[in-house]
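# Examination of the molecular architecture
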Amino acid sequence: MPYDFQDAYVISEIRKRGAKKVLLQFPEGLRYFSTDISKKIKESLPSVDVIISGDSSWGACDVAEHEARELGVDLIVHYGHSPYTWYYPKFPTIFVETHSDLILTDKMVNEALKLVSKYSPKKVGITATLQHVKLIPRLKSKIEEAGIEVEVGKASSPFMHEGQVLGCDYKAGLNVNADVYVNISGGLFHSLGLGLATGKPVIKVDPYMNGAEDISGEVYKFLKIRYAKIMQAMSAKTWVIIRGVMTGQDRPLMVKFLESSMRQKRFTTFVISSRILNLETMRNLDRKDIDAFVVTSCPRLPTDDLYTYEKPVLTPGETKMVINNKLEPYIFPW
C-alpha cells in the first residue's frame, strides 16, 4: 500500500481506549484500501467489531459523528486528514494522517526549478497537502541550492504541519510574502486554490504524475470565470444563504454576518440549511425570483461542483466583494 496507515498506532489506540466497536472512515482515494486495514485490525483485535463507512468523507470537517452514534460504535478512526482548523469532533475520534510513500524524484525537482526560475523570484513559498508535507524539506533544500530564498509558512492551526494547506485554508501560503509558490499535491484543486488565494504564480509538483507544471494560466482562466459570476451577482437583489449543517462546516457567525450585511443593502435574504449540496439540490431550491446564492459550508462547492449552475453561486469571500461593491482584491475563500 502506497500510504502509511499507521496500523500499529491505530491498534494501540483501540486497545488503550477499550473500544469494542469502531468505525473506519476514509476519503474517496483511500477507501480502496479499507478492507485491508479492517482485516489487519481484526487479526490483532479479534474481539473488536470493525465497520467501514461507505459514505464520502470530504475532509476533517466531515467526521462521521452522526453515523457513529447511529451504529453505536465507541470510536471513529478517521484516515487521511489532520484535525480541522477550528473544529474538533465531540465524538471520540483519532486522526490518522496517512502520509504517502511517494518520493520527490530528481525529475520533479529539476522541472520545478526550471519553472520557478523563469519568474526570477527573490523568494519562493512552498506548501503541500497533508499526504506530501514530508517532501517539503528536500524541495526547500534543492531550491535554496539554486540560490533562491525559500520560506515555508506556518499553518493556521497547531494541528497542521508547516506548509500544509487545505481546500479551504491557505494560511500557510498567505503567511509568506513570496513571488512564486510551489505546491506539492495530486490533482489541480489545492494548487488552483493557492493561486486564487495568493494572486501569485503557482508551480504544482505532482508526486503521482512524477512531474511539475506551471498552472498560473489555469488560475487566470478560472479567475475570469469567477469574476463573471461576481459581475452577474452585482445586480442580485434576492439571495439564498446556504448554511452547511455538517458539524465541521457549520458557520453560524458567517451566516449572520452575511445576512446582516445584505439586509443593510436592502437585499432580500433566505437562509437554507443543507448537508449535501449538488446541482439537483440547487435546482430543487431555486425559484424565478432568486438571483444568487452564497455557500458558507465549503468553498469547493461553488468553485468546483456548482460552477456550471445557471445563476451565480459564490463563496463567502466573493460575496463580500459584491457587498462592498469592490472587484479588487479578489477574496478567496472566506
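An account of the accompanying structure is given in this report. (Residues numbered from 1 in each chain as written. Predicted model: local features only at pLDDT ≥ 70, side-chain atom pairs only at ≥ 80, totals over all residues. Heavy atoms only, no water.)

## Points about the sheet that holds strand 3 (residues 75–79)
Strand-to-strand pairing in sheets goes through backbone hydrogen bonds, with the strands running parallel or antiparallel. Quick reminder of the rule: Strands pair, by our definition, only if DSSP identifies at least two bridges between them. Working definition: helices are DSSP H or I runs of at least four residues, strands are E runs of at least two. Numbering for both runs from the N terminus. Axis lines are fitted to C-alpha atoms, over the contacting stretch for helices. Their N-to-C directions set the angle, which ranges from 0 to 180 degrees. Contacts were defined at the residue level, with two residues in contact if any of their heavy atoms lie within 4.5 Å.
What the four strands build is an open sheet, ordered 2-1-3-4; its pairing is parallel. Both edges of this open sheet fall to strand 2 (49–52) and strand 4 (93–96), since each of them pairs with a single strand only. Adjacent strand axes in the sheet meet at a mean angle of 20° when their direction is disregarded. The sheet contact formed by strand 3 and strand 4 spans four bridges and is parallel. Looking at the pairing, I76 lines up with T93 of strand 4. Most of the contacts of helix 1 (residues 7–17) go to strand 4, to which it runs at about 170°, and overall it touches strand 1 (21–25), strand 3 and strand 4. Packing against the sheet, helix 2 (residues 34–44) makes contact with strand 1, strand 2 and strand 3, and its axis sits at approximately 170° to strand 2.

## Some thoughts on the sheet that holds strand 10 (residues 238–244)
If you trace the four strands from one edge of the open sheet to the other, you get 11-10-12-13, paired in parallel fashion. Whereas interior strands pair on both sides, the edge strands pair on one side only; in this sheet they are strand 11 (268–274) and strand 13 (313–314). As paired strands, strand 12 (residues 292–295) and strand 13 are joined by two bridges and run parallel to one another. Pairing of F293 across the sheet is with V313, part of strand 13.

## Here we look at the pattern of salt bridges
Which entries qualify depends on this criterion: Salt bridge, as used here, is a side-chain nitrogen of Lys or Arg placed within 4 Å of a carboxyl oxygen of Asp or Glu. Working definition: with a 1.4 Å probe on protein chains only, accessible area under 20% of the residue-type maximum means buried, over 50% means exposed, and in between means partly exposed.
Within this structure, the stated rule accounts for 22 salt bridges. Across the pair R263 and E259 runs a salt bridge, and its minimum N-O distance is 2.8 Å. Within this pair, R263 and its partner E259 are both found in helix 9 (residues 252–264), separated by four residues, close to a single helical turn. Overall, the relative accessible area of 52% leaves R263 in the exposed class. A salt bridge links R283 to E310; the shortest N-O distance between them is 2.7 Å.

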